[in-house]
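Structural features, examined
In case you want the letters, here they are:
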Amino acid sequence: MSSTVIERRDAALRSGTTPRRRRRRNLHFPAYLVLTVLALFAIGPAVLMVFNAFKSNAEIGGSPLSPPTSLSWSNFSIAWQQGDFGTTMRNSAILVVGSAAGTCVIAGLAAYALSHLDLPGRGGVITYLFLASSMPVQLFVVPLFSLWTDLGLTDNLFGLIVIYWAVDAPFATLLLRSFLLKVPKEYVEAGRLDGASEVQIARRVMLPLAWPGLMTVALVVGLWAWNEFFWAITFIHDPAKRPISTSFMAFQDENSTNWGLSSAAALFMLVPILILFLVLQRRFVAGLTSGGLK
Amino acid sequence: MTAAPAPSGTALAAPPRSGARRLRLRRGLIGWAFLAPLLILNVIVVLGPSLATVWYSFTDWSGIGPAKFVGTANYTRAFTDPAVREALLHNAIWFVLFLFVPMALGLLGAHLINQVTRFRMLYRTLFFIPYVTASVINAAIWKMLLSPDSGIGHTLGISQAWLGDPKTSLYAVNFVVDWHWWGFLAVIFFAAMQGVDVQLYEAARLDGAGRWRQFLSVTLPGIRPTMIFVVLMTIIWSLKAFDYIFIMTHGGPANSSDVVSTLMYDQAFNQYSAGYAAALGLSMTVIVGLVLAVYQFLRRKGWEE
């Protein structure tokens, strides 16, 4: 295959001109054009939101789609105070860290058992996890809400984190298991022969090898916790306990005609994720595409 | 740290013969101990409440306090409720659009990225951004762009309230969901397309197949497992469709964008008829279960290699 490529290039070089290359470029121009249109379709709306965050309401009304004529930061400071985003971003940070760390521990233990311990009934557990991760939340939300009310776990960040653990762990376990299956059995056997306990093997042999997988899980679970909306709006009603997603929604409802303010508020929520995604996108994409079940 | 004393009863300390069974048992127990946090959480949050839903679906229950057994009354009500019928129709419309629009755009995007040589990563990244953006943000962006007095329509001189008009509300929300979803599919399809053997394209070219023909006869069959997976997930998601509808229209105006899940939510948390909501939720799950069963059946039959 590679030899034919080389032959072709040699032929092109020998003939002295590069008609092939020019024809290729012409062929590809429409492809680039359509790709660029699609890319603008994907990010154009967010770009317009950035524009509007810097515009006054009068300016948006006059020219909603054009870039701001001057950079005004007042929308950001007003939105920050009015929406109490300092509090709700802190709440979301707690949710992100708590759910990511807990899910990694819970799913890490389970994935180790399902990949390297001779567990009877392993297949059944895996099938169940697959089913559990595609289960519609509508099936269990109502009794869960009643249970959480009885336990005093509504309006409680920890109560929400526990739900995130339970809902995200099946997916995380399946993802980590496929990671751990790549670890050679010999490593574990060697550990056992050296007299290490299962806990020691898990910690000293598996943990370092599973580290990239755990990072991926933490990123994806963290992103879900940051963006999550359904559980938050159902289980948190106290404004001081709200995460940023539902507080942003409430803020936007209150300022539904002030697009400058709500655009600025949206950027509080969007920018951290966008930066993280652009820096770590390979890992993000790997995790999210394998977690396509959600 | 290096010379940890071997706990009694490990592989080396146990006597070789009678210990073998005990060792297996011990390992099994340890395995289940490692699984315990996951399983206990799942029983408390998912499995237990799910089973409770089965019971509550046969009761008249407000969501708190005692539930009164009413037999199949909730199901009779669900089957005769015109609102449910309308919501199911909306689910069906939603499904068709959500299946074809993002898939077509995703395939187009993936195919084109696969054709070009430069900026592949850049396009992939840009296509993916709406998917990592929160639903509340995406919804807000599009509320702004679809609004009759400060959006795209305003600029073009169209004063249509896309989200506020019962004729267009469902389609407007679906458009936003399609927009947020297609880039993700493009990335998945692109990854699958890279796994298609290049020699197949060479062979097709030799047989005189044009680009379109190559796409139909080589690319599409080459990514069939991914396509089947996406179709399956689309079916499940169309039934679960909730977030964007709830955020953008709350099912309105006049129930014009209600689907089963928004109806169910409203019944459970606003109308306080949690028993009826349980019946709706369970019915939805049965449909999802049937789809999964069909999928498994087709897989066994070798659809997915």
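Residues numbered from 1 in each chain as written. Chains lettered and ligands numbered in written order. Predicted model: local features only at pLDDT ≥ 70, side-chain atom pairs only at ≥ 80, totals over all residues. Heavy atoms only, no water.

1. Describing the overall build of chain A
For chain A, the helix and strand inventory stands at 14 helices and zero strands. Across chain A, helices and strands are ordered from the amino to the carboxyl terminus as α-α-α-α-α-α-α-α-α-α-α-α-α-α. Residues counted as buried form 50% of the 294 residues belonging to chain A. Once local pairs closer than 6 in sequence are excluded, the contacts in chain A between residues at least 24 apart make up 73%. Counting only carbon and sulfur atoms, one obtains 65% of the accessible surface of chain A, whose full area is about 13100 Å². (Helix = DSSP H or I, 4+ residues; strand = E, 2+ residues; numbered from the N terminus. Buried < 20%, exposed > 50% of the residue type's maximum accessible area, 1.4 Å probe, protein only. Contact = heavy atoms within 4.5 Å. Areas by Shrake-Rupley, 256 points an atom, 1.4 Å probe, with all protein chains shown as cover.)

2. Things to note about the overall build of chain B
Along its length, chain B carries 13 helices and two strands. Its C-alpha atoms give chain B a radius of gyration of 26 Å, clearly above 19 Å, the size a compact globule of 305 residues would have. Across its three principal axes, chain B shows a C-alpha extent of roughly 85 × 70 × 45 Å. Put simply, chain B has 305 residues, and 51% of those count as buried. (Rg over C-alpha atoms; globule rule 2.2 N^0.38 Å.)

3. Some thoughts on the side chain of T59 of chain B
Residues and elements named next belong to chain B. For T59, the position within the fold is in strand β1 (residues 59–60). With relative accessibility at 0%, the residue T59 sits in the buried group. Here the side chain of T59 touches Y56 through a polar contact of 2.7 Å, landing on its backbone oxygen. If sequence neighbours within four positions are ignored, T59 has contacts with A67, K68, F69, V70, N74 and G275. (Polar contact = N/O pair within 3.5 Å; in protein donor to acceptor, adjacent residues only side chain to side chain.)

4. Re the interface of chain A and chain B
Contacts between the two partners involve 98 residues from chain A, matched on the other side by 96 residues from chain B. Together, the buried faces of chain A and chain B total about 8600 Å²; carbon and sulfur atoms form 76% of this surface. On the chain A side of the contact with chain B, L35, Q138 and L139 of chain A bury the most area, a combined 8% of that side's loss. Our count for the chain A to chain B interface comes out at one salt bridge. Of the charged contacts in the structure, one is a salt bridge between D253 of chain A and K143 of chain B, with a shortest N-O distance of 3.9 Å. If you look at where chain A meets chain B, you find eight residue pairs in polar contact (both at pLDDT 80 or more). At 18 residues, the largest contribution of residues to the side of chain A that touches chain B is made by helix α2 (residues 19–53) of chain A. (Buried area = accessible area lost by both parts, 1.4 Å probe. Salt bridge = Lys/Arg side-chain N within 4 Å of Asp/Glu carboxyl O.)

5. Observations regarding unusual backbone geometry
With the exception of glycine, the majority of residues adopt a negative phi angle, and the majority of peptide bonds are in the trans configuration. Along the chain, G252 of chain B connects to P253 of chain B via a cis peptide bond; the corresponding omega equals -10°. Residue D155 of chain A is not a glycine yet carries a positive backbone phi of 55°. Within the secondary structure, D155 of chain A is located in the loop between α7 (141–151) and α8 (157–180).

6. Re the packing of helix α9 (residues 211–222) of chain B against helix α10 (residues 224–240) of chain B
How two helices pack is summed up by the angle between their axes together with the distance between the axes. Residue and element names in this part refer to chain B. Between α9 and α10, whose axes approach to 5 Å, the crossing angle comes to 65°. Considered as vectors, α9 and α10 are oriented roughly perpendicular to each other. Mapping the contact onto sequence places L220, P221 and G222 in α9 and R224, P225 and M227 in α10. Split by residue class, the contact of α9 with α10 holds four nonpolar, one polar and one charged. (Axes fitted to C-alpha atoms, helices over the stretch in contact; angles between N-to-C directions. Parallel < 35°, antiparallel > 145°, perpendicular 65-115°, else oblique. Nonpolar A, V, L, I, M, F, W, Y, C, P; charged D, E, K, R; others polar.)

7. Concerning the UniProt feature "domain: ABC transmembrane type-1" (unreviewed entry) in chain A
What UniProt calls "domain: ABC transmembrane type-1" (unreviewed entry) maps, in this numbering, to residues 89–280 of chain A. Helix makes up 79% of residues 89–280 of chain A and strand 0%, with an end-to-end C-alpha separation of 21 Å. (UniProt positions renumbered as here; feature names shortened; annotations may be inferred.)

8. Concerning the UniProt feature "transmembrane region" (unreviewed entry) in chain B
Residue and element names in this part refer to chain B. Per the UniProt record, "transmembrane region" (unreviewed entry) is found at residues 29–52, 92–113, 125–145, 179–201, 222–239 and 274–298. Across residues 29–52, the secondary structure splits into 100% helix and 0% strand, with the terminal C-alpha atoms separated by 29 Å. Between the C-alpha atoms that bound residues 274–298 there is a distance of 36 Å. The span itself is 100% helix and 0% strand.

9. Considering the domain arrangement of chain A
All names here are of chain A. On domain assignment, one finds that chain A holds domain 1 (28–71) and domain 2 (88–290). Taken over C-alpha atoms, the centre of domain 1 sits 33 Å from the centre of domain 2. Each side of the interface is counted separately: domain 1 has seven residues, and domain 2 has eight residues. Between domain 1 and domain 2, roughly 610 Å² of surface is buried when both sides are summed, and carbon and sulfur atoms account for 72% of that area. Ranking the residues of domain 1 by area buried against domain 2 places M49, A53 and N57 at the top, with a combined share of 66%. Scanning the region where domain 1 abuts domain 2 turns up two residue pairs in polar contact (both at pLDDT 80 or more). At the level of secondary structure, the elements contributing two or more residues to the side of domain 1 that touches domain 2 comprise α2 and α3 (57–62). (Domains from an automatic or database assignment.)

10. Some remarks on the pattern of salt bridges
Residues and elements named next belong to chain A. Summed over all chains, the structure comprises four salt bridges over all chains. For D238, the salt bridge is made with K241, and the minimal N-O distance between the two is 4.0 Å. Residue K241 is classed as partly exposed on the basis of its relative accessible area of 32%.

11. A closer look at the packing of aromatic side chains
Evaluated as defined, the whole model comprises 42 aromatic pairs over all chains. Ring geometry for F145 of chain A and F235 of chain A: centres 5.3 Å apart, planes at 75°, overall edge-to-face. Pair noted here: F145 of chain A is in helix α7 and F235 of chain A is in helix α11 (residues 230–235), with a separation of 90 residues, a long-range link. Of the two residues examined, F145 of chain A and F235 of chain A, each falls in the buried class. Feature note: the residues F140, F145, F229, F230, W231 and F235 of chain A together with F242, F246, Y265 and F269 of chain B constitute an aromatic cluster, connected by ring pairs. One Lys or Arg, K182 of chain A, reaches over the ring of F179 of chain A and ends 5.1 Å from the middle of that ring. (Phe/Tyr/Trp six-rings, centres within 6.5 Å; stacked < 30°, edge-to-face > 60°. Lys NZ or Arg CZ within 6 Å of the ring centre and 35° of its normal.)

12. Regarding the packing of helix α6 (residues 122–133) of chain A against α8 of chain A
All names here are of chain A. One way to put it is that α6 packs onto α8 with a least axis distance of 8 Å and a crossing angle of 130°. In this view, α6 runs oblique relative to α8, as classed from their interaxial angle. Considering how the two elements wind past one another, α6 and α8 form a crossing that is left-handed. Where α6 abuts α8, its residues I126, L129, F130, A132 and S133 lie against P170, F171, T173, L174 and R177. Taken together, the residues of the contact of α6 with α8 break down into seven nonpolar, two polar and one charged. (Left-handed = near helix turned anticlockwise from the far one by under 90°.)

13. A few points about the nonpolar core
W231 of chain A together with F189 of chain B are the most contacted members of the largest nonpolar core, which has 191 residues in total. Counting residues per element, this core draws most heavily on helix α7 (residues 169–194) of chain B, at 17 residues. Looking at which domains feed residues into this core, each of domain 1 (28–71) and domain 2 (88–290) of chain A supplies at least three. Apart from the residues lying within four places of it in its own chain, the contact partners of W231 of chain A are V137, F140, V141, L144, L160, I163, Y164, V167 and I236 of chain A. (Core = buried A, V, L, I, M, F, W, Y, C linked by side-chain atoms within 4.5 Å.)

14. Concerning the UniProt feature "transmembrane region" (unreviewed entry) in chain A
Residue and element names in this part refer to chain A. Within this structure's numbering, the places UniProt gives as "transmembrane region" (unreviewed entry) are residues 29–54, 93–114, 126–145, 157–176, 205–226 and 259–280. In this annotation, residues 29–54 is assigned 96% helix and 0% strand; the end-to-end C-alpha distance for the span is 35 Å. Between the C-alpha atoms that bound residues 259–280 there is a distance of 31 Å. The span itself is 95% helix and 0% strand.

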